[in-house]
Amino acid sequence: MQSNLLDKVKESLASVLPITVIVALLCFSVAPIPNDVFILFIFGAILLIVGVGIFTLGADMAMTPIGEQVGSHMTQSRKLWLMIMVCFLMGFIITISEPDLKVLADQVQSIDSYVLMCTVGVGVGLFLVIAVLRILFKIKLSYLLIGFYVVVFAVAFMIPNKDYLAIAFDAGGVTTGPMTVPFIMALGVGVSAVRSDSGADNDSFGLVALSSVGPILVVLILGVLFPSDGGVYSPVEIPVLGDSRDLGNQFLTAFPHYAKEVGIALAPIVGFFLIYQLVALKMPMKALLKIFVGLIYTYVGLVIFLTGVNIGFMPAGNYLGKLIAQLDFNWIILPIGMLMGYFIVAAEPAVHVLNRQVFEITDGAIAPKALQTSLSIGVAISVGLAMMRILTHISILWVLVPGYALALLLTFFCPDIFTSIAFDSGGVASGAMTATFLLPFAMGASEGLGGNVALDAFGVVAMVAMTPLITIQLLGVFYKLKTKKLAKIPEVVEETPVADTDDDIIQLD
């Protein structure tokens, strides 16, 4: 157990260190921030490293087995009403428990946070049901994605208050974070395991993709039915520290708050699992104890992680964005944003879960390095587009419409499994780090330029969720072309050493 935890923390260190170094270099050069904010950032980075490491171990031990067991059992029951009820209930419960969603809801003052969270929860619940039924009835994912996104953009053009647009698309990104992704992805594995056909493993992906569509659509419908001023937001508070005691108090007062928040978030999930265990699963005690130890790791890791990013990263991101936007050469925010986007996605806890599951389900056909690089490139482009919007004040639809059109067009040329992974990756990439660092960074930049924060800054999460759909599908097109090229190579003479012909999987590094 200790060696596993140490390995997870080392992985976390390798993920978080690059973005920490980049921010530190900016602070020592073009964007000097107050010592108070910088010290909080450094302590936040340490907590982030430890928190992500503990959380990922907990997700492996608890959230993933729970999802697989529940998914497998409810599918084997052959009771459609049970599947629909369980999927909707779990989708709703986990979504309103998602810390990223609460971060976004707290920053939008014009919509009551509980109304927004419950609306998004209903959207995820409904579309999780659709996603599971898709696996059972073997419906092609790309058909559903094309149909639903056509509906989404049709409603988007009808909405009277355009301030809702960015909030709606951001909601689709933040719902699939560290709490939701491990369970939903494992649920897909559990449901598809009941099928015995060759495409079952490929269909285990796509649940996150469809679960990200639901929140966008229901928030847009909310905006059509109950138009209000969506432009009011909560500014990020920049702390001022008098001495070292104040520094300690920042974290000491935050720990109980996030301990309570994560406890409330996990309680419904644990309660549901216990009831399901007693009524249906009846797992052996040894397996049950391992899951509860994993839940403890998940709880502790999330508390540490959220404390670090909210107390350390959020103020630093906001202050940096404001300073860089006020420079005479403020165009530099484009390459800086892209650089931060490239490295920050590696620090997302849910990305580690996705990489591991893709590697396992595909038996190594899609190497984590290739997937991570494609994801990082996508996020880098998305943050660059978000910064361009802040500088030029163009509507988010000018970016989202052609972006999603290209992503949906690629589904016709890309292998199905890459389409599923790509659309899953969009939701996974836009998690806690995006909500607590990139969004405050964009808000600070918009404030520094005197722009409309609701129109210009909100939407960065949506951008982060969009571009991986394109870059990972392009990886799939490359994989397809490479496979065809190798298939045309004639057989070599017997003396020439060749790879094992039984293994037709290509490693993409």
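Just so you know, these numbers come straight off a predicted model, no measurement behind them.

Reading the values: rules and limits
- Residues numbered from 1 in each chain as written.
- Predicted model: local features only at pLDDT ≥ 70, side-chain atom pairs only at ≥ 80, totals over all residues.
- Heavy atoms only, no water.
- Helix = DSSP H or I, 4+ residues; strand = E, 2+ residues; numbered from the N terminus.
- Rg over C-alpha atoms; globule rule 2.2 N^0.38 Å.
- Buried < 20%, exposed > 50% of the residue type's maximum accessible area, 1.4 Å probe, protein only.
- Contact = heavy atoms within 4.5 Å.
- Areas by Shrake-Rupley, 256 points an atom, 1.4 Å probe, with all protein chains shown as cover.
- Lys, Arg positive; Asp, Glu negative; His and termini not counted.
- Charge placed at Lys NZ, Arg CZ, Asp CG, Glu CD.
- Axes fitted to C-alpha atoms, helices over the stretch in contact; angles between N-to-C directions.
- Parallel < 35°, antiparallel > 145°, perpendicular 65-115°, else oblique.
- Left-handed = near helix turned anticlockwise from the far one by under 90°.

### Notes on the overall build of the protein
Piece 1. Check the secondary structure of the protein and you find 20 helices and zero strands.
Piece 2. Since a compact globule built from 509 residues should have a radius of gyration of about 23 Å, the 22 Å found for the protein is in line with a globular shape.
Piece 3. For the protein, the proportion of its 509 residues judged to be buried stands at 60%.
Piece 4. A sequence separation of at least 24 residues applies to 87% of the contacts in the protein between residues at least 6 apart.
Piece 5. Summed over its atoms, the accessible surface of the protein is roughly 20,100 Å², and 67% of this surface lies on carbon and sulfur atoms.
Piece 6. With 24 positive and 35 negative side-chain charges, the protein shows a separation of 6 Å between the mean positions of the two kinds.

### Description of the packing of helix H8 (residues 180-192) against helix H14 (residues 349-361)
Piece 1. In contact at an axis separation of 9 Å, H8 and H14 are set at 20° when each is read in the N-to-C sense. The orientation of H8 relative to H14 falls into the category roughly parallel. Relative to H14, H8 is oriented so that their crossing is right-handed. On the side of H8, the interface is formed by Val181, Pro182, Met185, Ala186 and Val189, while H14 contributes Ala350, Val353, Leu354, Gln357 and Ile361.

### Overview of the side chain of Ser420
Piece 1. Checked against the element boundaries, Ser420 lands in helix H17 (residues 416-429).
Piece 2. Setting aside residues up to four positions removed in sequence, Ser420 forms contacts with Leu141, Asn202, Phe205 and Gly206.

### Notes on unusual backbone geometry
Piece 1. For Lys138, which is not glycine, the phi dihedral falls at a positive 55°.
Piece 2. Assignment of secondary structure puts Lys138 in the loop between helix H5 (113-137) and helix H6 (141-158).
Piece 3. Since its relative accessible area comes to 53%, Lys138 is described here as exposed.
Piece 4. Look at Lys282: it is not a glycine, yet its phi comes out positive at around 55°.
Piece 5. Residue position: Lys282 is located in the loop between helix H11 (244-281) and helix H12 (285-325).

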